[in-house]
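Report on the structure
What follows is the residue order along each chain.
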Amino acid sequence: MDLNAAHSMGTTIIGVTYDGGVILGADSRTSTGLYVANRASDKITQLTDNVYVCRSGSAADSQIVSDYVRYFLHQHTIQLGQPATVKVAANLVRLISYNNKNMLETGLIVGGWDKYEGGKIYGIPLGGTIIEQPFAIGGSGSSYLYGFFDQAWREGMTKDEAEQLVVKAVSLAIARDGASGGVVRTVIINSEGVTRNFYPGDTLPRWHEELEPQNSLLDILNTSSPEPMSIQ
Amino acid sequence: MSSIGTGYDLSVTTFSPDGRVFQIEYAAKAVDNSGTVIGIKCKDGIVMGVEKLIASKMMLPGSNRRIHSVNRHSGMAVAGLAADGRQIVARAKAEATNYESVYGEPIPVKELAERVASYVHLCTLYWWLRPFGCGVILGGYDRDGPQLYMIEPSGISYRYFGAAIGKGKQAAKTEIEKLKLSEMTCREGLIEIAKIIYRVHDEAKDKAFELEMSWVCDESKRQHEKVPELLLEEAKAAARAALEEMDAD
């Protein structure tokens, strides 16, 4: 594998806290170069009943890290006698990411709800940093969302407001990032439990206009409309 | 009072016909011979106190520490063989540090108690190890509130509102049961612990003793620390006064 070549992490992943829990969102495109290997993948993976993780980067690396953390958290839950906290889950993820940084290439967003801290989001980018954030974005599509979130993010949103924000954000990223696409999946985690939602690609806003179909551009010469590119 | 094992008490890997492991019971005797150690759980924290019997007049006050901090939020008071106690505290510190480095949060007191108990129990399973000759009272304050555990040489660990080990444990337990712990703050609990230790101290058998106390409560910002000098002196004075009242009767 040529480590010096530019590689895009074909994904858009988002984690957002709201008043009462968290919303995790992701696109569903797994790309290998220009080929879409899976157009309906599920990038939001369960670690425990109350903690999920959004995966980006190498599919294999992110899966193996999730599997290990799920295994450790399961044992930890049995020992503790109660559900693990989001912080513990996130810490286990970052220990694996950090200690194997030379071999791994995966950016993860851990999100969940526990009875001590409520809804929490932890971003764990490439090198194994861990950072607790009110919201986190990741993957190649996230580049196009930094400005959007600067403007659109608010503290203390309701569940519906937050989910709409997530869906809108993922769809915006899909519109601009070639490595993101397909459907938008969301997972809502709060004190009541976990809800999975699915938004098919054709229900998402398009963010561009479509021209009227033209048989031939020569037709414009014969019609009176001087500006074929103007949007009416 | 003591029952003779007649042959079944030579090894910790031997059961007696009536189902007892005598070596463990003998280890508990070592704890019973040490100075009294008490711990109570008040509504806002834990207070622990130790009756440190002074072996020699030449010892500096404050030496022979019997209460140790295991973690920022928890501490252990040790009764019995001091060297064994040091080993247990070292293990507890290691467990606490290890937990925090793996899980990224301070070790819950329940988990710490289970790990320490498991270690103490381990040393009762092999013929080439002897059981620990000390009992430990573990007090800590985590996100589930203040908790008090006691770990015996057998490896048994239970959670308590109030616990006592050592010479005066029977008398101490009776006194603790009289207290209304759920309504008491640690400040009040301090005074009560001091009074109990002074009361159960046997003037006839053991001459001098030093009172060592620690607490972990809201007032100490949920950190385990020695009781502040001022409060300790207040507690001692109150305890002495209470004793004199009793004697005057």
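Quantities reported herein were computed from a predicted structural model and do not represent experimental measurements.

Describing the overall build of chain B
Summing up its helical and strand segments, chain B has six helices and 10 strands in all. Relative to a compact globule of 249 residues, whose C-alpha radius of gyration would be 18 Å, chain B shows 18 Å and is just as compact. Dimensions of chain B, computed from the C-alpha atoms along their principal axes, are close to 50 × 50 × 35 Å. Within chain B, the proportion of its 249 residues that are buried is 49%. Within chain B, contacts between residues at least 6 apart in sequence are counted, and of these 65% link residues at least 24 apart. If you sum the accessible surface of chain B, you get close to 12,500 Å²; carbon and sulfur atoms cover 55% of it. Here chain B contributes 32 positive and 35 negative side-chain charges, whose respective centroids are spaced 3 Å apart.

Points about the UniProt feature "domain: Proteasome alpha-type subunits" (unreviewed entry) in chain B
This chain's UniProt record puts "domain: Proteasome alpha-type subunits" (unreviewed entry) on residues 8–30 of chain B. When the span residues 8–30 of chain B is considered, its composition is 39% helix and 0% strand, and the gap between its end C-alpha atoms is 19 Å.

So, the sheet that holds strand S1 (residues 37–42) of chain B
Residue and element names in this part refer to chain B. One open sheet holds the five strands; their spatial order is S8-S1-S2-S9-S10, and the pairing between them is antiparallel. Pairing within the sheet leaves two strands with one partner each, and these edge strands are strand S8 (162–165) and strand S10 (225–226). Both S1 and S8 contribute to a ladder of four bridges, which runs antiparallel. Within S8, the residue paired with Val37 across the bridge is Ile165.

Some points on the interface of chain A and chain B
In this complex, chain A contributes 11 residues to the contact, which on the side of chain B involves 12 residues. Across the chain A/chain B interface, buried area totals approximately 1,000 Å², and carbon plus sulfur atoms make up 47% of it. Considering only the side of chain A, the residues that lose the most area to chain B are A:Gln79, A:Leu80 and A:Tyr116, jointly responsible for 41% of the buried surface there. Counting the contacts that link chain A with chain B gives zero salt bridges. Of all the secondary structure elements, the ones that give two or more residues to the side of chain A that touches chain B are helix H1 (59–80) and helix H2 (86–99) of chain A. Sorting elements by how many residues they give to the side of chain A that touches chain B places H2(A) first, with five residues. Of the residues that constitute the side of chain A that touches chain B, the class distribution is five nonpolar, five polar and one charged.

A few points about unusual backbone geometry
Although it is not a glycine, A:Trp207 sits at a positive phi angle of roughly 65 degrees. Inspection of the secondary structure puts A:Trp207 in the loop between strand S12 (193–199) and helix H5 (219–222). With relative accessibility at 42%, the residue A:Trp207 sits in the partly exposed group. Positive phi, normally seen in glycine, also occurs at B:Arg222, with a value near 60 degrees.

Comments concerning the sheet that holds S12(A)
Consider a sheet: its strands pair through backbone hydrogen bonds, and that pairing is either parallel or antiparallel. Residue and element names in this part refer to chain A. An order of S10-S1-S2-S11-S12 is seen for the five strands of this open sheet, with the pairing classed as antiparallel. Looking at strand neighbours, the two that pair on one side only are strand S10 (135–138) and S12, the edges of this open sheet. Within this sheet the neighbouring strands show an average axis-to-axis angle of 15 degrees, counted without direction. By the bridge criterion, seven bridges tie strand S11 (residues 184–190) to S12 in an arrangement that is antiparallel. For Val184, the partnering residue across the bridge sits in S12 and is Tyr199. In the packing of helix H4 (residues 159–176) onto the sheet, contacts are made with strand S1 (13–18), strand S2 (21–26), S11 and S12, and the angle to S11 comes to roughly 155 degrees.

Here we look at the UniProt feature "active site" (unreviewed entry) in chain A
The residues that UniProt annotates with the feature "active site" (unreviewed entry) are A:Thr11. Using a relative accessible area of 4% as the deciding quantity, one classes A:Thr11 as buried.

Brief notes about the nonpolar core
Core analysis: the biggest nonpolar cluster contains 44 residues, and A:Val110 and B:Met76 have the highest contact counts within it. Non-local contacts of A:Val110, meaning those with residues more than four positions away in its chain, are made with A:Val51, A:Tyr52, A:Val53, A:Val86, A:Ala89, A:Ala90, A:Val93, A:Lys120, A:Ile121, A:Tyr122 and A:Ile124. By size, the runner-up hydrophobic cluster in this structure holds 28 residues, among which are B:Tyr198, B:Met213, B:Val227 and B:Ala239.

A short note on helix H1 (residues 22–32) of chain B
Every buried residue of H1(B) is accounted for by B:Phe22, B:Ile24, B:Ala27 and B:Val31. Tucked inside the fold, the buried residues of H1(B) contact strand S4 (74–80), strand S5 (134–142) and S8 of chain B.

About the criteria used
- Position numbers for residues start from 1 in each chain and track the written sequence from start to end.
- Each chain is given a letter, starting from A, and each ligand a number, starting from 1, according to the order in which they appear as written.
- Totals for whole chains, interfaces and linings use all residues, but because this is a predicted model, local features are given only for residues with pLDDT of at least 70 and pairs of side-chain atoms are given and counted only at 80 or more.
- Working from all heavy atoms in the structure, the side-chain values ignore hydrogens and water.
- In this description a helix means any DSSP run of H or I spanning at least four residues, a strand means any run of E spanning at least two, and both kinds are numbered starting from the N terminus.
- We compute the radius of gyration from the C-alpha atoms alone; for a globule the expected value is 2.2 Å times N to the 0.38, where N is the number of residues.
- In this scheme, a residue with accessible area under 20% of its type's maximum is buried, one over 50% is exposed, and one in between is partly exposed, where area comes from a 1.4 Å probe on protein chains only.
- Residue contacts are counted whenever heavy atoms from the two residues lie within 4.5 Å of one another.
- All accessible areas in this document rest on Shrake-Rupley with a 1.4 Å probe, and a residue is counted as covered only by the protein chains that are shown.
- Under the convention used here, Asp and Glu are negative, Lys and Arg are positive, and both His and the chain ends fall outside the count.
- Charged groups are reduced to one reference atom each: NZ for lysine, CZ for arginine, CG for aspartic acid, CD for glutamic acid.
- UniProt positions are given in the numbering used here, feature names are shortened, and annotations may be inferred rather than shown by experiment.
- Two strands pair if DSSP finds at least two bridges between them.
- Note on terms: buried area is the combined drop in 1.4 Å-probe accessible area of two parts once they are placed together, counting the loss on both.
- What counts as a salt bridge is simple: a side-chain nitrogen of Lys or Arg found within 4 Å of a carboxyl oxygen of Asp or Glu.
- Residues were grouped as follows: Ala, Val, Leu, Ile, Met, Phe, Trp, Tyr, Cys and Pro as nonpolar; Asp, Glu, Lys and Arg as charged; and all remaining residues, including Gly, as polar.
- Axis definition: a line fitted to C-alpha atoms, over the contacting stretch in the case of helices. Angles run 0 to 180 degrees between N-to-C directions.
- Among buried residues, those of type Ala, Val, Leu, Ile, Met, Phe, Trp, Tyr and Cys that are joined through side-chain atoms within 4.5 Å constitute a nonpolar core.

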